[in-house]
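Notes for the structure review
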Amino acid sequence: MKIKVSEKHIGLRIALTAVAFVIAVVAFTIGVTSIGKKEPGYHSIEAKTDAEALTYNNAVLYRYWFDGKSNEIKGKIRELTGVYTPVLAAAYKQLDHQNTYTGQVSIGTINRNLGQIVSVSPELYAILKDAYAKTLEKKGYNMFAGALYAEWESIQILDNPDEFDPVNNEYIQSRLHTIAAVVSDLSNFNLEFLDDTTCSVRFSTSDAYKVFCAENEITAYALDLNLLKDAYMLSMMGESLIKEGYSLGHLSTKEGLALNTSPRGSLSFDMHTQERGNDTVYASVNLDGVFSAATFTAYGMGSDYGYVLEHEGSKLYRHLYFDVRSADFADILMSATIISHDTDIVGNTYRSIILNTLKSEQDVKNYAATLEKEGKLVSYIFQSTQN
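Presented here is an overview of the structure given in this document. For clarity, every value in this text was computed on a predicted model and none was experimentally measured.

Rules behind the numbers
Residues numbered from 1 in each chain as written. Predicted model: local features only at pLDDT ≥ 70, side-chain atom pairs only at ≥ 80, totals over all residues. Heavy atoms only, no water. Pairing = 2+ DSSP bridges. Helix = DSSP H or I, 4+ residues; strand = E, 2+ residues; numbered from the N terminus. Axes fitted to C-alpha atoms, helices over the stretch in contact; angles between N-to-C directions. Contact = heavy atoms within 4.5 Å. 1 Å grid on protein atoms, 1.4 Å probe; cavity = no way out; pocket = protein on both sides within 12 Å on 5 of 7 lines; lining within 4 Å. Points joined across faces, edges and corners; volume = space filled by probe spheres on them. Nonpolar A, V, L, I, M, F, W, Y, C, P; charged D, E, K, R; others polar.

Quick word on the sheet that holds strand E6 (residues 200-205)
- One open sheet accounts for three strands, arranged E4-E6-E5; its pairing is antiparallel. A strand with exactly one partner marks an edge of an open sheet, and here the two such strands are strand E4 (117-119) and strand E5 (189-195). Ignoring strand direction, the axes of neighbouring strands in this sheet form an average angle of 30°.
- In this sheet, E6 lies alongside E5 in antiparallel orientation, the contact comprising six bridges. Considered in E6, the bridge of Asn 190 is made with Ser 204.
- The strands touched by helix H3 (residues 122-137) within the sheet are E5 and E6, with E5 carrying the most contacts at an inclination of about 140°.

In structure tokens form, the structure reads like this:
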């Protein structure tokens, strides 16, 4: 795969201090044909309705490349729909940390059976092991921080969150910091991987954590993939679809994650800067072949969470990419994208989490430079250029 940045905007590529771009919208230039006659190219695939997960089609957008005549393509679409439906259902349900489902053992099943042995699928077993390893690194990701994410989400979905924002509410600020400290104490959680053959796990929390939750009226489940959930979902689905013989696909989420397993054609990110005067400046990255991309925007990119708060002459951007170790925002990045010519969407999203915990522009530049040496394409803009 070749990653190219348009020469007109080559100065926008990395670590610019004068003119840097922010990805406001990621538009994938893919030929999706009409509902009637089917031409060769990429077509959107939707799973069949599932009574236990009525909105699961909204979680992922799936496009697949088809060749042949119109009727042949229609038949192939019906065939792929039958394959795609259980693949989406398995990933969506198993990674749900709250609910339980018929025929699927989910993270919610584990949360509802504290201290009990639960056998999960090999795919979920591998995901839990990976998330646990990343949690132990303590670089800004924590799979046991369900209580903290639930707390921030409850504020961010409010129609008028200003009153409850921690900069305006000392009680909320203290509560968030306290919860962050408790969930960051990993001795409060014990995730055991008991048998690699039966994929058996056991999850429990300490008595101290149970008392803390009771005293603070916390009912959220602790085990939660949070910021890596969608990345794990795409990765799990991509692997399953390839095993079923479908490798010419493109999976994406409205929040800005993309996993392309297809070598067919060239896809393009249309990158927009913030408007300057009456003009909007564009840059583009053309991607050939397999790739994965993780995009973050402080002002939201299809997410249900987030808002902008005016405070002491500045804008504070609220989203779910806070530092889980403190519950605070670094307030450095306005937007960032990490792209690599592989299928490591989980790794790129994890790197995005780390990037958003860094406390200075220089730290961001240094980390981006390190990622570039590893073959990643990194682009970003700082909040200081917008306030």
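Read on for the rest.
Observations regarding empty space enclosed by the protein
- A full pass over the atoms with the stated rule returns two cavities of 30 Å³ or more.
- When its volume is computed, the largest cavity comes out at roughly 50 Å³.
- In terms of lining residues, the largest cavity is bounded by Phe 296, His 319, Tyr 321, Phe 329, Ala 330, Asp 331, Ile 332, Leu 333, Asn 356 and Gln 383.
- Per-class residue counts for the lining of the largest cavity are six nonpolar, three polar and one charged.
- Taken as a whole, the second largest cavity spans an internal volume of roughly 40 Å³.
- Taken together, Tyr 62, Gly 238, Leu 241, Ile 242, Tyr 246, Gly 249, His 250, Leu 251, Leu 259 and Thr 261 make up the lining of the second largest cavity.
- Residue assignment for the lining of the second largest cavity shows that the elements contributing at least two residues are helix H7 (229-243) and strand E7 (249-252).

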